[in-house]
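A look at the structure
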Amino acid sequence: MSTTSGKLVVITGPSGVGKGTLLRKFLAKYPDTYFSVSATTRAPRPGEIDGQDYYFVSTEKFQAMIQANELLEWAEFAGNFYGTPRDPVVTQVAASRLVILEIELAGARQVRTTYPQACQIFIAPPSLAELERRIRLRGQDSEPAISRRLERAKIELEAAHEFDYQIINEDLDVALRGLEGIVC
Ligand SMILES: Nc1ncnc2c1ncn2[C@@H]1O[C@H](COP(=O)(O)OP(=O)(O)OP(=O)(O)O)[C@@H](O)[C@H]1O
Ligand SMILES: Nc1nc2c(ncn2[C@@H]2O[C@H](COP(=O)(O)O)[C@@H](O)[C@H]2O)c(=O)[nH]1
């Protein structure tokens, strides 16, 4: 779905479904794609790089970004704030790039109002049990954080019908082909 020039794609789905894993495969195959780097108040996980995985900022800095209207959308998720820096998205869409945002449900709903032409894709797990298995296997979240993420997952799954497309990430290669079929 085209915006004024480029193509804006929003990828949403419960935490742990494999959005990041799927997008890393996609970006390796389509390196011209612009992947939006979000700002977050969450602490970096081992191996995450500031400016590459996220811009890791303080709550004060995040609030200042909101006040300065620097965020295209933002939301609170499982005890932290997350938001999409506006300028790079506007610039890259205007430059006719394929632009991908990987964001949660509240943010996707905000983008629907500012960029109604954006293509919105929901990534679903084969089951809640498999989702929990993946979050635990990833080994990055505390027990309370896992509970918060699973509670949020149920809310997100109920909203899957709002999206233009749904992809079930059971087999990663099948999911990748599904994504390619939609955006390429
Ligand atoms: N198709 C798949 N089959 C089995 N495991 C998978 C599959 N896709 C991803 N995973 C695994 O699931 C775990 C969670 O994946 P990932 O971190 O990409 O999820 P995410 O949706 O980006 O999560 P978050 O929104 O919390 O960042 C990882 O350990 C990843 O290797
Ligand atoms: N609304 C937004 N949601 C975002 C953004 N960047 C990431 N996310 C989503 O947050 C959760 C948790 O991410 P994690 O890295 O802590 O596991 C996940 O659903 C991401 O898609 C954003 O800029 N805005």
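So, here's what we can say about the structure. Predicted model only: the values in this text are computed from it and were never measured.

1. Digging into the packing of aromatic side chains
Evaluation of the coordinates by the stated rule reveals eight aromatic pairs. In this structure an aromatic cluster arises from ring pairing among Tyr-54, Phe-56, Phe-77 and Tyr-82. The cationic tip of Arg-112 hangs over the ring face of Phe-163; the distance from NZ or CZ to the ring centre is 4.9 Å.

2. Here we look at the pairing of strand 1 (residues 7-12)
A regular strand places its side chains so that they alternate between the two faces of the sheet. Within strand 1, five of the six residues are buried, which leaves the element mostly enclosed by the surrounding structure. Note: strand 1 against strand 7 (residues 98-102), five bridges, orientation parallel. Paired with Val-9 across the two strands is Ile-100, which belongs to strand 7. Relative to strand 8 (residues 119-124), strand 1 is paired through four bridges, and the arrangement is parallel. Opposite Thr-12, over in strand 8, you have Phe-122 as the bridge partner.

3. Some details on the site of ligand 2
Neighbouring residues of ligand 2: 16 residues in total, closest Ser-38, Arg-42, Tyr-54, Tyr-82 and Glu-104. At 3.4 Å, a side-chain N or O of Thr-84 approaches an oxygen atom of ligand 2. The side chain of Arg-149 places a nitrogen or oxygen atom 2.7 Å from an oxygen atom of ligand 2. Within the complex, 96% of the 510 Å² of free accessible area of ligand 2 lies under protein. Of all the elements in the fold, those that place two or more residues in the shell around ligand 2 are strand 5 (71-77) and strand 6 (80-85). In terms of residue class, the shell around ligand 2 is made up of five nonpolar, four polar and seven charged.

So, how was this worked out
Residues numbered from 1 in each chain as written. Chains lettered and ligands numbered in written order. Predicted model: local features only at pLDDT ≥ 70, side-chain atom pairs only at ≥ 80, totals over all residues. Heavy atoms only, no water. Phe/Tyr/Trp six-rings, centres within 6.5 Å; stacked < 30°, edge-to-face > 60°. Lys NZ or Arg CZ within 6 Å of the ring centre and 35° of its normal. Buried < 20%, exposed > 50% of the residue type's maximum accessible area, 1.4 Å probe, protein only. Helix = DSSP H or I, 4+ residues; strand = E, 2+ residues; numbered from the N terminus. Pairing = 2+ DSSP bridges. Near = heavy atom within 4 Å. Polar contact = N/O pair within 3.5 Å; in protein donor to acceptor, adjacent residues only side chain to side chain. Areas by Shrake-Rupley, 256 points an atom, 1.4 Å probe, with all protein chains shown as cover. Nonpolar A, V, L, I, M, F, W, Y, C, P; charged D, E, K, R; others polar.

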